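One-letter residues, chain by chain:
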Amino acid sequence: MPTSPQNEFREEVRSWLSDHAPVSLRGVESSKIDGVWGGKKWQFDSADQKRWLELMAGRGWTAPTWPTKYGGGGLTNEQAEILAEELKAHQLPPPLVGFGLTMIGPTLLHFGNEQQKAEHLPKICRGEVRWCQGYSEPGAGSDLASLQTRAVRDGDHFIINGSKIWTSSADQADWIFALVRTDPHARTKQEGITFILIDMESPGVSTRPIKLISGDSPFCETHFVDVRVPEINVVGEVGAGWKIAKALLGHERSMLADILEELSMSTDSQQSRTTLSELAKQHIGEVNGKIRDEVVRNRVAGIEMDAQAFSLTIRRTRDAAEAGQPPGPETSIFKVYGTELSQRRSELMVRILGPQALGWEGPGFDEFDLATTRTWLKSRTETIGGGTSEIQLNVIAKRVLGLPD
Amino acid sequence: MALVLNDEQALIAKTATDFTRDRSPVSRFRDLRDRDEPLGFSRSLYGEMAALGWPGIPFDEEFDGAGLGLTELVLVVEALGRTLAPEPFIGCVGLAGSALALSKDNEHNDVWLKGICRGSKVVALAHQEVPSRYDCLKVETSAKAQEDGFVLNGRKMQVLDAVGADAFIVPAREAGEIPHKDPGLGMSLFLIEAGTPGMTVERQVRIDHRNSAILHLDNVRCEAFQIVGRKGEGAKVLEQALEHATVILCAEMLGGMSEAFSLTLDYMKGREQFGVPIGSFQALKHRAARVFIEIELARSSVMAAARAVDQKSEEAPKLVSLAKARCSDAYILTTNEAVQIFAGMGVTDECDIGLYMKRARASELTFGDADFHRARWATLSGY
């Protein structure tokens, strides 16, 4: 192998991982363990999990491309990719996940002032602070800009009153980045919104988990009653928060990456690894190696083919990116198609299981039956969160197809 | 092979798109149809396309081809599909050309594949019969052995590019009836020149007004040298040729749906009702966005199928079925939605959308529709 800076870096990563990565974590599928989300309330599964985070954070490799002065690794994108590849090759889980690394961190790097960066970024890198996102409100879902949570100036503080909803894991988080209304009389509803950082331990902040149809509680309601937040926690200009939120929401690359990651995570679960055809043969029967029921057979093939066409489209985007071409219009379809495909797959699995898919808990249903049913119920959130399918279709119609408002 | 065009491929696509827009707008196809031109295409324009090297793109340089692959040919055929250019790329280049190339029969190829590459010869492959539907092995045409050759009897339906063709490749078998266990057994491909006694070409008029005919074979005498490839081993060549032609047809469909969609979007932006462009209505926006999604997925599938065939990948048969299933569903969806959005205008003969809708249906029901290819995918996947 010719010696190049890239190869040298790869060698360095390899030998460091071989020497340092805890043996107990190697070969563990990332889907089998929850990622480490960090924060004050975080309970590590094992001492090795904690040590792994500390070791990686020590090198700045929890946030490989962030500047070293903020606790990052200072790596180039190319080096970060090599690091990711080597982690995968060693079958090592990421040391840390969460909104700090993927959302507020990049936002502060772009829009934050020096004080904010120095205060918050190192804690994110070390996994000391867990962040959640306060965007949606009971009265502001798809129409996010109509949000009503008020922030009223009081000297060098803002007094915040209002409610956020669908705040993921707010009950586990230490800080929240939120959109609040600082000027209710602004010319448009987008103006007068401010992007602000709030310590969840501030007096007047409370959270309540929301129980979903699947039985899970991944989201909370978060209430603010006369919460005092120092002015220095405003990111960017007062009244210019919408621009920041949009940059964060519409950051196409990270959105794409998130979705690709989500898809690869969902394909790792047992429910998606089980082939539909095997399940159908098992539950419906087979004749000469074929699924007995022609209609089900056609449906199974339909879903498999849709999945294949979808993954080819993702590949097309990646290949184009690697060839140095800008992302094409096909990237806009990923959220809507990927989530609907996942739902259709879940629906078909439930239908194939038949009455065995009706179990909530208890006798008569095995673990697989129950998990399949819960997966179907959970899948209903996919076309709602992060922009409903209808909003996605609006975006395609406007930005890609150029249709008028 | 990456699912992205390199510079050379992008240039091929651009040349083809410029040429068809300039020399073959939809009005040319409409004119051919209105004149009830039996050939259905223009031999002189086809000659110009041949001068650009298009028919020979996937074939060996030894036979005056370009030595490229379907990956490149689909770019040209997509451009043809955009303007409904009816030149014989599906039947002659796709079916007959592929069958000749796959047979590796140099004696025939020196004349006929060369002729196809140069655009000087049109050859049709007559595989479809009344009972065969989409199963190319259901061939009842018989080739009874005689002392110095064979006598063929049978009838072939909807033979593409048959009217005015210079020669026909005819699948037939000595036994006459279809062997139950191995339906491909004993099939040979006979190359028969136009004008051979006993063979008549009866033009068929279809909804898409493409060149199509019934081929009647009444005691047609053939000699042994007229067999393309090896005697009794035609089934494999035919099946593979059909896969190649299917990918080429998919490319045409991709072009057709892309253009029909683009016409629809233009209409949505220009047509006003209730004082606003109809494209501002969410009910129509969402339908347009869904059509867009289906076209993007179809495009990825066609690119992947063409590359898989070129690389002789094991996945090729499945990817060909994927492409045809998607293109069939997407082209029908696109043109059905287009007619609905064009509304009253959409159902008039004057509006081009109807031409695309009819071609969409004809393409869907050629070489297997989406249901057929989903079942084929299932079989190939072992369920």
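Whatever comes next refers back to the structure up there.
Throughout what follows, the structure given in this document is the object of discussion. Remember, predicted model here, so these are calculated numbers, not experimental data.

**Digging into the overall build of chain A**
Next, step 1: A tally of regular secondary structure across chain A gives 13 helices and ten strands.
Next, step 2: Taken along its principal axes, the extent of the C-alpha atoms in chain A is 80 × 55 × 50 Å.
Next, step 3: When burial is assessed residue by residue, chain A has 46% of its 405 residues classed as buried.
Next, step 4: Counting only contacts in chain A whose residues sit at least 6 apart along the sequence, the fraction spanning at least 24 positions is 68%.
Next, step 5: Surface accessibility of chain A: about 20100 Å² in total, with carbon and sulfur atoms responsible for 52%.
Next, step 6: Measuring between centres, the 45 positive side-chain charges of chain A sit 2 Å from its 54 negative side-chain charges.

**Thoughts on the interface of chain A and chain B**
Next, step 1: Taken together, the 42 residues of chain A in the interface contact 44 residues of chain B.
Next, step 2: For the chain A and chain B pair, buried surface summed over both sides reaches about 3400 Å², with 65% attributable to carbon and sulfur atoms.
Next, step 3: Here chain A and chain B share three salt bridges between them.
Next, step 4: Among the salt bridges present, the one from R316(A) reaches E296(B), with a minimum N-O distance of 2.7 Å.
Next, step 5: Along the contact surface separating chain A from chain B lie 20 residue pairs in polar contact (both at pLDDT 80 or more).
Next, step 6: For the side of chain A that touches chain B, the secondary-structure elements that each account for two or more residues are helix 9 (276-284), strand 10 (290-291), helix 10 (294-322), helix 11 (334-353) and helix 13 (389-400) of chain A.
Next, step 7: At 17 residues, the largest contribution of residues to the side of chain A that touches chain B is made by helix 10 of chain A.
Next, step 8: Broken down by class, the residue content of the side of chain A that touches chain B amounts to 20 nonpolar, ten polar and twelve charged.

**Brief notes about the packing of helix 9 of chain A against helix 11 of chain A**
Residue and element names in this part refer to chain A.
Next, step 1: The N-to-C vectors of helix 9 and helix 11 enclose an angle of 20°; their axes lie 9 Å apart at closest approach. As far as their axial angle goes, helix 11 and helix 9 are roughly parallel. Between helix 9 and helix 11 the crossing geometry is left-handed. Residues L276, L279, A280, H283 and I284 of helix 9 touch helix 11, and the partners they reach there are R345, L348, M349, I352 and L353.

**Some details on the environment of R374(A)**
All names here are of chain A.
Next, step 1: Secondary-structure assignment places R374 in helix 12 (residues 367-379).
Next, step 2: With 168 residues separating them along the chain, R374 and S206 place their C-alpha atoms 29 Å apart.
Next, step 3: When sequence neighbours within four positions are dropped, the list of residues in contact with R374 reads S214, G215 and W360.

**With respect to the side chain of E86(A)**
Residues and elements named next belong to chain A.
Next, step 1: Take E86: it is sitting in helix 3 (residues 77-89).
Next, step 2: Owing to a relative accessible area of 4%, E86 belongs among the buried residues under this scheme.
Next, step 3: Separated by 2.9 Å, the side chains of E86 and R10 make a polar contact.
Next, step 4: Not counting residues within four places of it along the chain, the set of residues in contact with E86 comprises R10, V13, R14 and L17.

**Concerning the packing of aromatic side chains**
Next, step 1: Across all of its chains, the model carries 17 aromatic pairs over all chains by this definition.
Next, step 2: Between F177(A) and F195(A), the aromatic rings sit 5.9 Å apart at their centres with planes inclined by 15°, giving stacked as the arrangement. Of the two residues, F177(A) sits in strand 4 (residues 175-181) while F195(A) sits in strand 5 (residues 193-199), which places them 18 residues apart along the sequence. The same class applies to F177(A) and to F195(A), which are both buried.
Next, step 3: An aromatic cluster is present here, built from W131(A), Y135(A), W175(A), F177(A) and F195(A) joined pairwise through their rings.
Next, step 4: Sitting over the ring of W360(A), R374(A) keeps its end group 3.6 Å from the ring centre.
Next, step 5: Cation over ring: K318(B) sits above W377(B), and NZ or CZ is 4.5 Å from the ring centre.

**Some details on the side chain of S363(B)**
Next, step 1: With respect to the helices, strands and loops of the structure, S363(B) is situated in helix 10 (residues 353-364).
Next, step 2: Residue contacts for S363(B): discarding those within four places in its chain leaves L249(B), E252(B), M253(B), K324(B) and Y331(B).

**A word on unusual backbone geometry**
Next, step 1: A positive phi angle is found at W166(A), which is not glycine, with a value near 60°.
Next, step 2: Checked against the element boundaries, W166(A) lands in strand 3 (residues 157-168).
Next, step 3: Not every positive phi belongs to a glycine, and L84(B) is a case in point at roughly 55°.
Next, step 4: Tracing the backbone through its elements, the reader meets L84(B) in the loop between helix 4 (70-82) and helix 5 (89-103).
Next, step 5: Look at L84(B) and you get buried, because its relative accessible area is 1%.

Cut-offs and rules
Every residue gets a number counted from 1 within its own chain, in the order that chain's sequence is written. Chain letters start at A and ligand numbers start at 1, both assigned in the order the entries are written. Under the rules for a predicted model, residues below a pLDDT of 70 receive no local features and side-chain atom pairs below 80 are neither given nor counted, while totals for whole chains, interfaces and linings still include all residues. Hydrogens and water molecules were not included; the side-chain quantities draw on all heavy atoms of the structure. The way it works is that DSSP assigns letters per residue, a run of H or I at least four long becomes a helix, a run of E at least two long becomes a strand, and they are numbered from the N terminus. Note on exposure labels: buried denotes an accessible area under 20% of the residue type's maximum, exposed denotes more than 50%, and partly exposed covers the range between, all computed with a 1.4 Å probe on protein chains only. Whether two residues are in contact is decided by their heavy atoms: any pair within 4.5 Å suffices. The Shrake-Rupley method, run with a 1.4 Å probe, gives the accessible areas here. Residue values count only the displayed protein chains as cover. His is not counted, nor are the chain ends, whereas Lys and Arg count as positive and Asp and Glu as negative. By convention, the point assigned to a charge is CZ for Arg, NZ for Lys, CD for Glu and CG for Asp. The buried area of a pairing is the accessible area, by a 1.4 Å probe, that goes missing from both parts when the two are put together, added over both. Salt bridge, as applied in this entry: a Lys or Arg side-chain nitrogen positioned within 4 Å of an Asp or Glu carboxyl oxygen. Between N or O atoms, a polar contact is any pair within 3.5 Å; within protein, one atom must be a potential hydrogen donor and the other a potential acceptor, and residues adjacent in sequence are included only when both atoms are from side chains. Under the scheme applied here, ten amino acids are nonpolar (Ala, Val, Leu, Ile, Met, Phe, Trp, Tyr, Cys and Pro), four are charged (Asp, Glu, Lys and Arg), and all others, including Gly, are polar. Geometry is summarised by axes, namely lines fitted to C-alpha atoms with helices restricted to the contacting stretch, and by angles between N-to-C directions that run from 0 to 180 degrees. Between 65 and 115 degrees an angle is taken as roughly perpendicular, under 35 as roughly parallel, over 145 as roughly antiparallel, and anywhere else as oblique. Here is the rule for handedness: rotate from the far helix to the near one, and if that takes an anticlockwise turn smaller than a right angle the crossing is left-handed, while a clockwise turn gives right-handed. Between the rings of Phe, Tyr and Trp (Trp by its six-membered ring), a pair exists once the centres lie within 6.5 Å; its type follows the angle of the planes, with under 30 degrees stacked, over 60 edge-to-face, and the other angles tilted. Definition used: whenever NZ (Lys) or CZ (Arg) falls within 6 Å of the ring centre and also within 35 degrees of the ring normal, the charge is taken to sit over that ring.

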